[in-house]
Amino acid sequence: MCGTVGWVDFARPLDHGTALAMTATMARRGPDAAGLWTSDHVALGHRRLSVIDLEGGCQPMAAESPSAVRAALTYSGETYNFQELRTQLSGLGHRFTTRSDTEVVLRAYQQWGAGLATRLEGIFAFAVWDLDRQELLLVRDRMGVKPLYYAETASGVLFGSEPKAVLAHPGFSPVLDVDGLRDILSVAKVPGHAVFRGLREVPPGGMVRVGRSGLTEERYWRLRVAEHTDSLDRTISTVRELMERTVQEQMVSDVPLCTLLSGGLDSSSLTALAAQASQTAGTGRIRSCSVSDPDPDGSAGAAANQDHVYARLLAEHVGSDHSELPLKAPDLLDPALRASVLQAYDLPIAKGDEHASLHLLFSIVRRHSTVALSGECGDEVFGGYRWQRERDTVLSSTFPWVHEGRANYQGNEVVFSPDLLAKLDLAAYERDCHSTAVAEIDARADIADPVEARYREVTYLALTRHAQILFDRKDRMSMACGLEVRVPFADHRLVEYTFNIPWAMKSFDGREKSLLRAAMRDLLPEAVAQRVKTPYPSIRAEAYDRTLRERLAELIRTGDAPLDPLIAPGLKSAVRREGAAALKQGMSRAALETTLQLDAWLRAYDVQLVL
């Protein structure tokens, strides 16, 4: 997927050493090559993970022919229809010197300018510097699978695939204000927000233009409410056709590829389709990977430990070259691993065990594969979560996953001072975020039935808020290991088609993910096709939570933690009296993880608190 960075300054010369330092922060995203391109007012940096055209796809890539638009590109991601676009552009007179999708994107900009974004199918985040217009264009894929951050300066912009690229510039200071802390402590990702003051993300389906007159942000794609006219049978067959096409497109690679197989319906469907495509193309057996035993002492729970049984069943059924990867729960508390996760993420997180387990898993997968297909977004697209199906949760007046799982996040009122909590007013922030999100599609203006309109709103929330958290997790943890992960369920054509399917049709058999189950039934073993969804495996061991409480108690007891000014005085007194026992009541694991990560982040990133 690679890592991109850049710096535009229209007022003063750029420092070459700073541009190199920004580029170096992306080394883990791109371990294979590095490049820096500079011109008047701009520096574009790139770290490459070689996937397509290993010899010819080096970046940044420039096209400076005097007879065409002169432009330079730093690009991360995959454009799955690049071969079709290449043929079209060749017919329009463009000549190619590489086999890479990078050059296709560059020539597409020369041909269509900013209009190229609507022609690309894939997951990507890139920057184009137009030498003639003296303008920078930042573009992010429709669903926001690949990240792209930027910070406006007095005379230009800084940008990069991760916050650390911008933080490497001496002109940007890491500051946490009230709005940023609200983002950390809330459970709904807001498109565009990026926690650090002055830092933003290019929104999914968005682009940012930067010129001498300033910076403008616009959207080139968004989900819209429309009527679904296909019959049930036609809908099922269309889902199958879209899935087959998407998986086939995403298997294009010049390096080893595998599927991440949990044994659930989503990953099993992808693996079965990948095996079918490999057999049709005559390219041999597809490789699949699963966790052999996520918690050998049984503390992760029976459901988690059964995953590998279904993975084995599916692998045998489709004939994949299957590997089971060892992953032990005690490793997830290793301080070095947790520090590595924070370094990859650049932000505090609420689910430390999940992020750490993915980091370990990807480091093992990377030993034999450079690209992996994963099942993220299958639940959001097809309605797999309980909070998408239970009527009371759906009809709640907030984010349904918050309504369902609020107890899983309790603890802010225990940890933080009353004055700070009053200033944050997280309940109002949650209401405002929810109202803003549902207003973006105004489903009730187009759908007469208010219940059906609410189901459409919930699907929109799942795709534009909930999925973003999963995309971020998968991107940071995989790219920290130099592994490219592709997510076929996030293909915008599949998302657009399924978004407007009425809920009664999406759940026609009374089960979760009815349409996907029906579309894939002939390729799956019956036990896998009929399997009830199980949550992402997380540790259920009391010893894990006890260790978190002990670490937080010790942090509070010292009195010199960066977080100390924010902690409730009553909790400080309770910890001095009772030790870790003071943190047992009213503290969820998510709150423990977030608080510890927040303090570690303030230390590691030397963040200034302005609250």
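Engineer: Explain the overall build of the protein residue by residue, including any values.
Structural biologist: A count of helices and strands for the protein gives 25 helices and 19 strands. Expected size for 611 residues packed as a compact globule is a radius of gyration near 25 Å; at 24 Å, the protein falls within 12% of this value. In terms of overall dimensions, the protein has C-alpha extents of about 75 × 65 × 50 Å along its principal axes. Expressed as a percentage of its 611 residues, the buried residues of the protein come to 63%. Here the analysis covers contacts within the protein between residues at least 6 apart in sequence; of these, 73% occur between residues at least 24 apart. Positive and negative charge centroids in the protein, built from 69 and 80 side chains respectively, lie 1 Å apart.

Engineer: Could you give an account of the environment of Leu333, naming the residues involved and the relevant values?
Structural biologist: Tracing the backbone through its elements, the reader meets Leu333 in the loop between strand S16 (321-325) and helix H9 (335-345). Classification of Leu333 by relative accessible area gives buried; the value is 14%. Considering only alpha carbons, one finds Leu333 and Glu354, 21 residues apart in sequence, at a separation of 11 Å. Those residues in contact with Leu333, other than ones at most four positions away along the chain, are Arg338, Tyr544, Thr547, Leu548 and Arg551.

Engineer: Describe unusual backbone geometry, and please don't skip the residues or the numbers.
Structural biologist: A cis geometry characterises the amide bond from Gln59 onward to Pro60, with omega recorded as -5°. We note that Asp425 has phi near 45°; this positive angle belongs to a residue other than glycine. At Asp442, a residue that is not glycine, the phi angle is positive and equals roughly 50°. With respect to the helices and strands, Asp442 occurs in the loop between helix H16 (426-439) and helix H17 (443-446).

Engineer: Pulling in residues and values, what's your account of the pairing of strand S3 (residues 42-48)?
Structural biologist: Most of S3 is tucked away, with seven of its seven residues classed as buried. The alternating pattern of S3 places Val42, Leu44, His46 and Arg48 on one face and Ala43, Gly45 and Arg47 on the opposite face, and all of these are buried. Pairing of strand S1 (residues 3-9) with S3 involves six bridges; the strand directions are antiparallel. The partner of Trp7 across the bridge, within S3, is Ala43. Pairing between strand S2 (residues 33-39) and S3: seven bridges, direction antiparallel. Considered in S3, the bridge of Gly35 is made with His46.

Engineer: Kindly report on the sheet that holds strand S4 (residues 61-63), identifying the contributing residues and their values.
Structural biologist: Read across the open sheet, the six strands follow the order S4-S5-S6-S7-S12-S13; overall the sheet is antiparallel. Here the strands that pair on one side only, and so sit at the sheet edges, are S4 and strand S13 (214-219). Neighbouring strand axes in the sheet, compared pairwise and without regard to direction, differ in orientation by 15° on average. Two elements, S4 and strand S5 (residues 71-79), share three bridges in a ladder whose sense is antiparallel. Within the sheet, the bridge partner assigned to Met61 lies in S5 and is Leu73. Relative to the sheet, helix H3 (residues 101-112) contacts S4, S5, strand S6 (122-130) and strand S7 (135-140), its axis offset from that of S5 by approximately 130°.

Engineer: Break down H16 for me, with residues and values.
Structural biologist: The end-to-end C-alpha distance of H16 is 20 Å, a good match for the 20 Å that 14 residues give at a rise of 1.5 Å each. Buried residues of H16: Leu426, Ala428, Tyr429, Glu430, Cys433, His434, Ala437 and Val438, and no others. Looking at the packing, one finds that the buried side of H16 touches helix H5 (178-185), helix H13 (400-405), helix H14 (412-415), helix H15 (418-424) and helix H18 (450-479).

Engineer: Give a description of the pattern of salt bridges that names residues and reports values.
Structural biologist: Counted by the stated rule, this structure contains 52 salt bridges. In this structure, Asp475 and Arg29 form a salt bridge, with 2.9 Å as the shortest nitrogen-oxygen distance. Placement of Asp475 in helix H18 and of Arg29 in the loop between helix H1 (16-24) and S2 is noted, with a sequence separation of 446 residues between them. Residue Asp475 shares its accessibility class with Arg29, and that shared class is buried. A salt bridge links Arg577 to Glu578; the shortest N-O distance between them is 3.6 Å. For Arg577, a relative accessible area of 61% puts it in the exposed group. Glu578 gets classed as partly exposed once you look at its relative accessible area, which sits at 42%. Through salt bridges with shared partners, a single network forms among Arg29, Arg140, Lys146, Glu162, Lys164, Lys189, Glu201, Asp346, Asp472, Asp475 and Arg476.

Engineer: With reference to specific residues and values, describe the sheet that holds S16.
Structural biologist: If you trace the five strands from one edge of the open sheet to the other, you get S16-S15-S14-S17-S18, paired in parallel fashion. On the outer flanks of this sheet lie S16 and strand S18 (484-486), each paired with one strand and no other. Each strand of the sheet is rotated relative to its neighbour by a mean of 30°, with strand direction disregarded. Relative to S18, strand S17 (residues 371-373) runs parallel, the two sharing three bridges. In the sheet register, Val371 faces S18, and the bridge partner there is Glu484.

Engineer: Describe the packing of helix H23 (residues 542-558) against helix H25 (residues 589-604), naming the residues involved and giving the relevant values.
Structural biologist: Two elements in contact, H23 and H25, have axes whose closest approach is 10 Å; the angle formed by their N-to-C orientations is 40°. Taken together, H23 and H25 sit at an angle that is classed as oblique. The hand of the H23/H25 crossing is left-handed. Residues Tyr544, Asp545, Leu548, Arg549, Arg551, Leu552 and Leu555 of H23 form the contact with H25, whose own contacting residues are Arg589, Leu592, Glu593, Thr595, Leu596 and Asp599.

Engineer: Any chance you could break down the pairing of strand S9 (residues 156-160) for me, citing the residues and the numbers?
Structural biologist: Among the five residues that make up S9, five are buried, leaving the element largely enclosed by the rest of the structure. Of the two faces of S9, the one holding Gly156, Leu158 and Gly160 and the one holding Val157 and Phe159 are both buried throughout. Relative to S9, S1 is paired through five bridges, and the arrangement is antiparallel. Bridging from a neighbouring strand, Val5 pairs with Gly160 of S9. One ladder, built from five bridges, connects strand S8 (residues 149-153) with S9; its direction is antiparallel. Looking across to S9, one finds that Glu152 is bridged to Val157. Here S8 folds back onto S9 in antiparallel fashion, the turn holding two residues.

Rules and cut-offs
- Residues numbered from 1 in each chain as written.
- Predicted model: local features only at pLDDT ≥ 70, side-chain atom pairs only at ≥ 80, totals over all residues.
- Heavy atoms only, no water.
- Helix = DSSP H or I, 4+ residues; strand = E, 2+ residues; numbered from the N terminus.
- Rg over C-alpha atoms; globule rule 2.2 N^0.38 Å.
- Buried < 20%, exposed > 50% of the residue type's maximum accessible area, 1.4 Å probe, protein only.
- Contact = heavy atoms within 4.5 Å.
- Lys, Arg positive; Asp, Glu negative; His and termini not counted.
- Charge placed at Lys NZ, Arg CZ, Asp CG, Glu CD.
- Pairing = 2+ DSSP bridges.
- Axes fitted to C-alpha atoms, helices over the stretch in contact; angles between N-to-C directions.
- Expected span 1.5 Å × (residues − 1).
- Salt bridge = Lys/Arg side-chain N within 4 Å of Asp/Glu carboxyl O.
- Parallel < 35°, antiparallel > 145°, perpendicular 65-115°, else oblique.
- Left-handed = near helix turned anticlockwise from the far one by under 90°.

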